[in-house]
Amino acid sequence: MALELSDDARRLVALFEDEADVVVRDCVLVDEYGLVVFVVKAGQMSDAIGPGGRTVKRIERKLGKNVKLVEGADRPDAFVANAFAPAAVYNVTISENDDTVAYVEVAEEDRGVAIGTDGKNIDIVRTLARRHFDVDGVELT
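Residues numbered from 1 in each chain as written. Predicted model: local features only at pLDDT ≥ 70, side-chain atom pairs only at ≥ 80, totals over all residues. Heavy atoms only, no water.

Caption draft 1: Structural context of the sheet that holds strand β3 (residues 66-71). The strand order across the open sheet formed by three strands is β1-β2-β3, and the pairing between neighbours is mixed. Of all strands in the sheet, those with a lone pairing partner are β1 (24-30) and β3, marking the two edges. Within this sheet the neighbouring strands show an average axis-to-axis angle of 20 degrees, counted without direction. (Pairing = 2+ DSSP bridges. Helix = DSSP H or I, 4+ residues; strand = E, 2+ residues; numbered from the N terminus. Axes fitted to C-alpha atoms, helices over the stretch in contact; angles between N-to-C directions.)

Caption draft 2: Structural detail: the pattern of salt bridges. Per the counting criterion, the structure on display carries seven salt bridges. The residue D26 makes a salt bridge to R131 at a minimum N-O spacing of 2.7 Å. One end of the pair, D26, is in strand β1; the other, R131, is in helix α6 (residues 120-133), with 105 residues separating them in the sequence. For the salt bridge of D31 with K65, the shortest nitrogen-to-oxygen distance reads 3.7 Å. A residue pair is termed long-range when its members are at least 10 positions apart, and D31 in the loop between β1 and β2 (35-40) and K65 in the loop between α3 (54-63) and β3 qualify at 34 residues. The exposed category is assigned to D31, whose relative accessible area is 53%. (Salt bridge = Lys/Arg side-chain N within 4 Å of Asp/Glu carboxyl O. Buried < 20%, exposed > 50% of the residue type's maximum accessible area, 1.4 Å probe, protein only.)

Caption draft 3: Region of interest: helix α4 (residues 76-83). What α4 keeps buried is the set A78, F79, V80 and A83. Its buried side turned inward, α4 meets β2, β3, β4 (89-96), β5 (100-106), α6 and β6 (137-140). (Contact = heavy atoms within 4.5 Å.)

Now the structure itself:
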C-alpha cells in the first residue's frame, strides 16, 4: 500500500533519517497535540531512540514538538501491538468480516495509557493501522 505524505511530512522524514541513520516508513503530524509520529523500519527502533533517548530528544528540540516512535511490522497484528507501546499488549486478533477490525487485549493497568488523554493514543493507532494495513477499526477488549 502506497502511503501519501505531505510536503511537511517528507521534510520531517528526511530530517529524522539524517539524524538517526534509520529508515522511516511513515510520518503522521498530529497538530492538535503538537506531536509527530514516525514509523521506523522493523529492527531499527533502538537506533531511532538513541542511547538514553538522545536522538529522540535532539529531534524534539529541533522540531519543538513531541515525537512518538512506532516500530514497523509485516503483519497487522504485530504492527497494532507495536503502535500501542508502551502499553502492554497481550494479544491482537484481526477479524475480517464486513470490516477489518483489530481487537486488542491490553493489560488492565495499561488501558489508560493505551487510550491516552482524550483518546489521543488509540486515535493514532487507528490512523496508522488504516494507513498501513487497511484496518477499519481498533477496539480494546
